[in-house]
Amino acid sequence: MFRMSKLIFPLIFIFISANAFAQSKSPIWNDVAKADLELMGDYVGGWLGEPESNWPNNNPRLFAQVVNAGVGIYDIHLMQDLNRRAQPEFSTRANVKRDKITVKKDGWNFVISKDKIEGSRMFGEEEVNFLLERDPRISPTMGKKPPQGAIVLFDGSDFDEWEHTDGRAVTWNILADGSMEIEPTAENRDADPKIGGGIQTKRKFGDVKFHMEFRYPVEPDRSGQGRGNSGLFFQGAYEAQVLNSYGLEGFWNQLGALYKHSAPLVNAARAPMIWQTYDVTYTAARFEEGVVVENPRITVYLNGTLVQDDVELKHHTAHWQNSREDPVPDEPGPIMLQDHSNRIQFRNIWIKEL
Ligand code: MG
């Protein structure tokens, strides 16, 4: 008996340790397709040689986005710049074959292979080559330290500052890399309906400066609002949308939007699995004798790019039209993070009261 337990104990220990270092307890984060790891994302580069044709000669740089559109299916856009609302010079949808995507269409001829795009385009009679390299384009505010006087809301150690919106202790996961991950109600409903749900800060806030890092998984089987959806709420009411919006239009319900209130100025969304940043300044409404004299205002930077510029919140960021005219909050409220059935991860969250 003694010998047995001596053997079992280290085995259990090894099992727990290995588990603790997994990226997540869900396959959505751990079993990522090779093509998503090697091909998906932003590319930066330009035309090679000394083109004679007017267009490549005067537009030397070239960019691309390779966007997951399904299992083994990608939307590819080539353009003059990223996150500037530059119209694509060329867009197509293509499949992965043998770890590569090969495109030959409309004078474009290129191959996307591990971390690069190599190919050419015909300009009249001239064939001009180009080379682009994959670039994660890490946000300039990534890892930003809390300023003096800030409250650290999450640093990877515990959920002490948080509770579920119905007051339960937080049932989301803390991962070994210092992030938290949504444990969705939708995945646990049958086993235990008390798992998952949105969370909120125990403290309440009015005017604040706020920093958060987040990332969404690939979810190749999902699309639209069903993919990488969460939300960041100020004063318990106004939502800066979190959604896998990589390569999308930048609509009013996508990443960087104030949900169904204001579309982002540009779509600065990064590819799934890449850590991104939200840096927000929020000012609560002002009242005089119980009457709103100034609506709330909000400025939002997504990955260091201004996407909401001192926007006056004229109505609630509600899904239903009928709820948008709800009363303006007249006292401090919590910061909330939404469980929208997707396993979003968050880290380095802090807030400073202004
Ligand atoms: Mg949302």
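All of these numbers come straight from a predicted model, not from anything done at the bench. (Residues numbered from 1 in each chain as written. Predicted model: local features only at pLDDT ≥ 70, side-chain atom pairs only at ≥ 80, totals over all residues. Heavy atoms only, no water.)

### A short note on the coordination of the magnesium ion
Inclusion rule: Only nitrogen, oxygen and sulfur atoms count as donors, using a 2.8 Å cut-off from the metal that widens to 3.2 Å for Na, K and Ca. Water is left out, so coordination shells may look unfilled. Helix numbers and strand numbers start at the N terminus; a helix is a DSSP run of H or I with at least 4 residues, a strand a run of E with at least 2. For each residue, the accessible area found with a 1.4 Å probe, counting protein chains only, is set against the maximum for its type, and the residue is called buried under 20%, exposed over 50%, and partly exposed in between.
Within the protein, Asn 229 (OD1), Ser 230 (O), Glu 239 (OE), Gln 241 (OE1) and Gln 338 (OE1) serve as the donor atoms for the magnesium ion, at 2.1 to 2.6 Å. In terms of primary sequence, the donors binding the magnesium ion are separated according to N-S-x8-E-x1-Q-x96-Q. Of this pair, Glu 239 sits in strand S16 (residues 238–242) while Gln 338 sits in the loop between strand S22 (336–337) and strand S23 (345–353); the two residues are 99 residues apart in sequence, bridging distant segments of the chain. In this structure Glu 239 comes out as buried when scored by relative accessible area, which is 4%.

### Overview of the sheet that holds S16
Rules: The criterion for strand pairing is that DSSP finds at least two bridges linking the strands in question.
Strand order across the open sheet formed by 5 strands is S10-S13-S22-S15-S16, with antiparallel pairing between neighbours. This sheet does not close on itself; its edge strands, each paired only once, are strand S10 (162–164) and S16. Of the pairings in the sheet, the one linking S10 to strand S13 (residues 199–201) comprises 3 bridges and is antiparallel in character. Looking at S13, one finds that Trp 162 is bridged to Thr 201.

### Some remarks on the nonpolar core
Filter applied, for reference: Only buried residues count toward a nonpolar core, which is a set of Ala, Val, Leu, Ile, Met, Phe, Trp, Tyr and Cys residues joined through side-chain atoms within 4.5 Å.
The biggest cluster of nonpolar side chains holds 43 residues, and the ones touching the most others in it are Trp 162, Phe 210, Met 212, Leu 232, Tyr 278, Phe 346 and Ile 349. Contributing elements (two or more residues each) for this core: strand S9 (151–154), strand S14 (208–215), strand S15 (230–234), S16, strand S17 (276–283), strand S20 (297–302), strand S21 (305–312) and S23. The biggest single contributor to this core is S14, with 4 residues. Counting residues in hydrophobic clusters, the runner-up holds 30 residues, among them Tyr 43, Ile 101, Ile 117 and Phe 123.

### Some remarks on the pairing of strand S19 (residues 291–294)
Taken together, the 3 bridges between strand S18 (residues 286–288) and S19 define a ladder with antiparallel strand orientation. Residue Glu 288 lies in a different strand from S19, and its bridge partner there is Val 291. As consecutive antiparallel partners, S18 and S19 are separated by 2 residues, and within that stretch Glu 289 has a phi angle of approximately 50°, a positive value.

### With respect to the pattern of salt bridges
Defined as follows: By salt bridge we mean one thing: a side-chain nitrogen of Lys or Arg within 4 Å of a carboxyl oxygen of Asp or Glu.
Under the definition given, this model contains 17 salt bridges. A salt bridge links Arg 134 to Asp 115, with the nearest nitrogen and oxygen atoms 2.9 Å apart. Taken as a pair, Arg 134 in strand S8 (residues 126–134) and Asp 115 in the loop between strand S6 (108–113) and strand S7 (116–123) lie far apart in primary sequence, 19 residues in all. Residue classification places Arg 134 among the partly exposed residues on the basis of a relative accessible area of 26%.

### Comments concerning the environment of Arg 168
What counts is decided by this rule: Note on definitions: a residue-residue contact is assigned when non-hydrogen atoms from the two residues lie within 4.5 Å. We call two N or O atoms a polar contact when they sit within 3.5 Å, provided that within protein one can donate a hydrogen and the other can accept it, with sequence-adjacent residues counted only if both atoms are side-chain atoms.
Secondary-structure assignment places Arg 168 in the loop between S10 and strand S11 (173–174). On a C-alpha basis, the gap between Arg 168 and Lys 194 in space is 8.3 Å, while along the polypeptide they are 26 residues apart. Residues in contact with Arg 168, not counting those within four places in the same chain, are Glu 163, Lys 194, Ile 195 and Gly 196. A polar contact is formed between the side chain of Arg 168 and the backbone oxygen of Lys 194, at a distance of 2.4 Å. At a separation of 3.0 Å, a polar atom in the side chain of Arg 168 contacts the main-chain carbonyl oxygen of Gly 196.

### Remarks on the side chain of Glu 183
Structurally, Glu 183 can be placed in the loop between strand S12 (180–181) and helix H5 (185–188). At a separation of 2.8 Å, a polar atom in the side chain of Glu 183 contacts the side chain of Asn 188. There is a polar contact of 3.0 Å between the side chain of Glu 183 and the side chain of Arg 343.

### Describing the environment of Phe 251
Looking at the secondary structure, you find Phe 251 in the loop between S16 and S17. For Phe 251, a relative accessible area of 45% gives the class partly exposed. Sequence separation between Phe 251 and Ala 263 is 12 residues; the distance between their C-alpha atoms is 5.3 Å. The residues contacting Phe 251, other than those within four sequence positions of it, are Ala 257, Ala 263 and Pro 264.

### Things to note about the sheet that holds strand S1 (residues 41–47)
The line we're drawing: Structural elements are reduced to axes, namely lines fitted to C-alpha atoms, with helices fitted over the stretch in contact, and the angle between N-to-C directions of any two is expressed from 0 to 180 degrees.
Across the sheet, 8 strands lie side by side as S4-S3-S2-S1-S8-S7-S6-S5; this open sheet has antiparallel pairing. Of all the strands in the sheet, just strand S4 (90–95) and strand S5 (101–105) have a single pairing partner and so form its edges. The mean inter-strand angle of the sheet, taken between neighbouring strand axes irrespective of direction, is 20°. Bridging between strand S2 (residues 61–70) and strand S3 (residues 73–79) involves 7 bridges; their strand directions are antiparallel. Within S3, the position partnered with Ala 64 by the bridge is Leu 78.

### Describing the domain arrangement of the protein chain
To keep it simple, the criterion reads: Either an automatic procedure or a domain database provided the assignment from which the domain bounds are taken. Buried area is understood as the total, over both parts, of accessible area removed when two parts are fitted together, assessed with a 1.4 Å probe.
When its domains are assigned, the protein chain resolves into domain 1 (4–134) and domain 2 (151–353). Each of domain 1 and domain 2 has a C-alpha centre, and these two points are 28 Å apart. Listed as interface residues are 24 residues of domain 1 and, on the opposing side, 28 residues of domain 2. Across the domain 1/domain 2 interface, buried area totals approximately 2100 Å², and carbon plus sulfur atoms make up 57% of it. Ranking the residues of domain 1 by area buried against domain 2 places Trp 29, Asn 83 and Arg 85 at the top, with a combined share of 32%. Taken together, the links from domain 1 to domain 2 amount to 1 salt bridge.

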